[in-house]
Amino acid sequence: MTQSSSTQPLARPAIRVLTGITTTGTLHLGNYVGAVRPAILASQEVGVESFFFMADYHALIKCDDPERINRSRLEIAAIWLAAGLDTARVTFYRQSDIPEIPELTWLLTCVTSKGQMNRAHAYKGATDANAAIGEDLDAGITMGLYSYPILMAADILMFNAHRVPVGRDQVQHIEMARDVAQRFNHLFGKGREFFVLPEANVAADVALLPGLDGRKMSKSYDNSIPLFEGGAKGLKDAIAHIVTDSKLPGEAKQPEGQTLVTIYDAFATAAQRAQFRADLRAGLAWGEAKQQLFELIDAEIAPLRRRYEALMAQPELIEATLQAGAAKARAVAAPLLAELRQAVGLRNFSAPAAVAAPLKSAKLALPLFKQFREADGQFYFKLLDEQGQVLLQSAAFASGREAGEWVARLKGCGPDALAGVLAAAPLRLSAGVTAATVGAALSTFAAPA
Ligand code: TRP
């Protein structure tokens, strides 16, 4: 593992948070609690730059009904906007409006190991289900489903997201995105990190809202509570169907583990949670508890529902908002993709200088030291020039600190002391590299006067 702060990308302005929602249906209350609400809250933090999008390419993997696909992306866009997304602050777009994403998907596909995709949950789940009924393992499984995690990695890496708020079921995909990012950086980066390694951000308390029957809330289990669909009445009717035990009014109830209570918690303050539990222990009837739950949720949702209905009546406004968002997103995606094309060798023949030249990112193209530990357990460092060529390589050190001290001495020695330090340091210069070349590279580390 390379352990060096100098290999991190140079100062990016803010923490980037990115999340997508697959547009195959409408969102239920679980999606709101688990994804939309925390993402919008996070987008309001200072120092956070957010990217939210409709994962409509992902939707095509799961659904071949064009009307449903299109309706869903409209509804979901309206939901995010109604829930308070500020598109002046946040970059809000449809995945399918960003052609750089499928292009990056291909570059990543070419460095992703098939074995890793074999282990992806969605694919494993599908093959397990086939095995259970004695079918051919891959029956009914498309390449879209199989490659799903790579498209998702491209969504994330395209924008160098640091944090990805997702449900627990998506954590594996983020880990796969990290792996493929690392592999790509390693293969093509020549000392430079094209991609930030993203981290999943699972809200600890209410990551997965249970459905009516206590299992994960999901359309496929038919146990979901609608977000806006059916209005207040739809919400109330669904809550009436939450499964409880059969304790009678007045009987003491055990709040822990009750689906109703878990859902209540997702909308309540700490004080409300404590009160609700106390009331149940004191015999609050389930019917009354459901009424309280309805009122609690509706107090938060009703204003959003009104905004949603107004937006749905003006789809052209939503379209314009998304087009503007796509332009913003592509302004980030296109320059990075251009660099990646260079890096993998897809270059313009009529610009020979550009072919040979280092990547055109003045800030990032600087010499750097890399410190690392080999399989032998020993510590090493090397100095790379701006093209990623190794200028010098150290001998083995027993401790990382010792290696770090030599790096610091090299960085700080100045032109006069250079020859002496180079002679004393346990290192060798690469073939053809002179002390003068090393001196020029080292001068870029000099502290500003
Ligand atoms: N796979 C995610 C889901 O089903 C949706 C998604 C697609 C996503 N691309 C993403 C989420 C990128 C986060 C980041 O929930």
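Residues numbered from 1 in each chain as written. Predicted model: local features only at pLDDT ≥ 70, side-chain atom pairs only at ≥ 80, totals over all residues. Heavy atoms only, no water.

Engineer: Please give an account of the layout of surface pockets that cites residues and values.
Structural biologist: In this structure, the largest pocket occupies an estimated 1200 Å³ of space. In terms of lining residues, the largest pocket is bounded by 43 residues, among which N31, K62, D169, Q170 and K216 are the most central. There are two domains that each give the lining of the largest pocket at least three residues, and those are domain 1 (15–205 + 314–344) and domain 2 (219–301). (1 Å grid on protein atoms, 1.4 Å probe; cavity = no way out; pocket = protein on both sides within 12 Å on 5 of 7 lines; lining within 4 Å. Points joined across faces, edges and corners; volume = space filled by probe spheres on them. Domains from an automatic or database assignment.)

Engineer: I'd like to hear about the site of the ligand, residue by residue, with values.
Structural biologist: Near the ligand, the surroundings consist of 14 residues, among which T22, Y148, M152, D155 and Q170 are the closest. For the ligand, a nitrogen atom lies 2.9 Å from a polar atom in the side chain of Q170. When the free accessible area of the ligand is taken as 360 Å², the share hidden by the protein chains comes to 89%. According to the grid-proximity analysis, the pocket containing the ligand is the largest pocket. Within the residue set of the shell around the ligand, elements represented by two or more residues are β1 (15–22), β2 (48–55) and α7 (143–157). (Near = heavy atom within 4 Å. Polar contact = N/O pair within 3.5 Å; in protein donor to acceptor, adjacent residues only side chain to side chain. Areas by Shrake-Rupley, 256 points an atom, 1.4 Å probe, with all protein chains shown as cover. Sits in = over half its atoms within 2 Å of the grid points. Helix = DSSP H or I, 4+ residues; strand = E, 2+ residues; numbered from the N terminus.)

Engineer: Any chance you could break down the domain arrangement of the protein for me, citing the residues and the numbers?
Structural biologist: Segmenting the protein into domains produces domain 1 (15–205 + 314–344), domain 2 (219–301) and domain 3 (368–445). For domain 1 and domain 2, the distance between their C-alpha centres works out to 32 Å. Listed per partner, the contact involves nine residues of domain 1 and 13 residues of domain 2. Overall, the association of domain 1 and domain 2 removes approximately 1000 Å² of surface from exposure, summing both partners, and the carbon and sulfur fraction of that is 67%. Taken as a group, H28, L29 and Y32 account for 51% of the area that domain 1 buries against domain 2, more than any other trio of residues on that side. Scanning the region where domain 1 abuts domain 2 turns up one salt bridge. The closest approach of N and O atoms between R37 and E300, which form a salt bridge, is 3.1 Å. On inspection of domain 1 and its partner domain 2, the count reaches four residue pairs in polar contact (both at pLDDT 80 or more). Among the elements that line the side of domain 1 that touches domain 2, the one with the most residues is helix α1 (residues 29–43), at four residues. Here the residues of the side of domain 1 that touches domain 2 sort into five nonpolar, two polar and two charged. (Contact = heavy atoms within 4.5 Å. Buried area = accessible area lost by both parts, 1.4 Å probe. Salt bridge = Lys/Arg side-chain N within 4 Å of Asp/Glu carboxyl O. Nonpolar A, V, L, I, M, F, W, Y, C, P; charged D, E, K, R; others polar.)

Engineer: Before we move on, could you go through the sheet that holds strand β8 (residues 390–394) and cite the residues and values that matter?
Structural biologist: Strand order in this open sheet of four strands is β6-β7-β8-β9, and the pairing throughout is antiparallel. Looking at strand neighbours, the two that pair on one side only are β6 (368–373) and β9 (427–429), the edges of this open sheet. Taken over all neighbouring pairs, the strand axes of this sheet differ in orientation by 20 degrees on average, direction set aside. With three bridges connecting them, β8 and β9 associate as antiparallel partners. Residue Q393 lies in a different strand from β9, and its bridge partner there is R428. Across the face of the sheet, helix α15 (residues 400–412) comes into contact with β6, β7 (379–384) and β9 while running at roughly 170 degrees to β6. (Pairing = 2+ DSSP bridges. Axes fitted to C-alpha atoms, helices over the stretch in contact; angles between N-to-C directions.)

Engineer: Outline the packing of helix α4 (residues 100–109) against helix α13 (residues 315–344), listing residues and values.
Structural biologist: With their axes 10 Å apart at the nearest point, α4 and α13 run at an angle of 30 degrees to one another. By the angle class used here, α4 and α13 are roughly parallel. At the point where α4 passes α13, the crossing takes the left-handed sense. From α4, E100, E103, L104 and L107 reach across to α13, where they touch R330, A333, A334, L337, L340, R341 and V344. Among the residues forming the contact of α4 with α13, the class breakdown is seven nonpolar, no polar and four charged. (Parallel < 35°, antiparallel > 145°, perpendicular 65-115°, else oblique. Left-handed = near helix turned anticlockwise from the far one by under 90°.)

Engineer: Which residues make up the packing of α7 against helix α8 (residues 171–188), and what are the values?
Structural biologist: Interhelical geometry of α7 versus α8 gives an angle of 70 degrees and a closest axis separation of 9 Å. Looking at the two axes, α7 sits roughly perpendicular to α8. Residues Y148, P149, M152, A153, I156 and L157 of α7 pack against H173, I174, M176, A177, V180 and A181 of α8. A per-class count over the contact of α7 with α8 returns eleven nonpolar, one polar and no charged.

Engineer: Break down the pattern of salt bridges for me, citing the residues and quoting the values.
Structural biologist: Per the counting criterion, the structure on display carries 20 salt bridges. R341 serves as the salt-bridge partner of E103, at 2.4 Å between the closest nitrogen and oxygen. Of the two residues, E103 sits in helix α4 while R341 sits in helix α13, which places them 238 residues apart along the sequence. Exposure remark for R341: the relative accessible area of 34% places this residue in the partly exposed category. (Buried < 20%, exposed > 50% of the residue type's maximum accessible area, 1.4 Å probe, protein only.)

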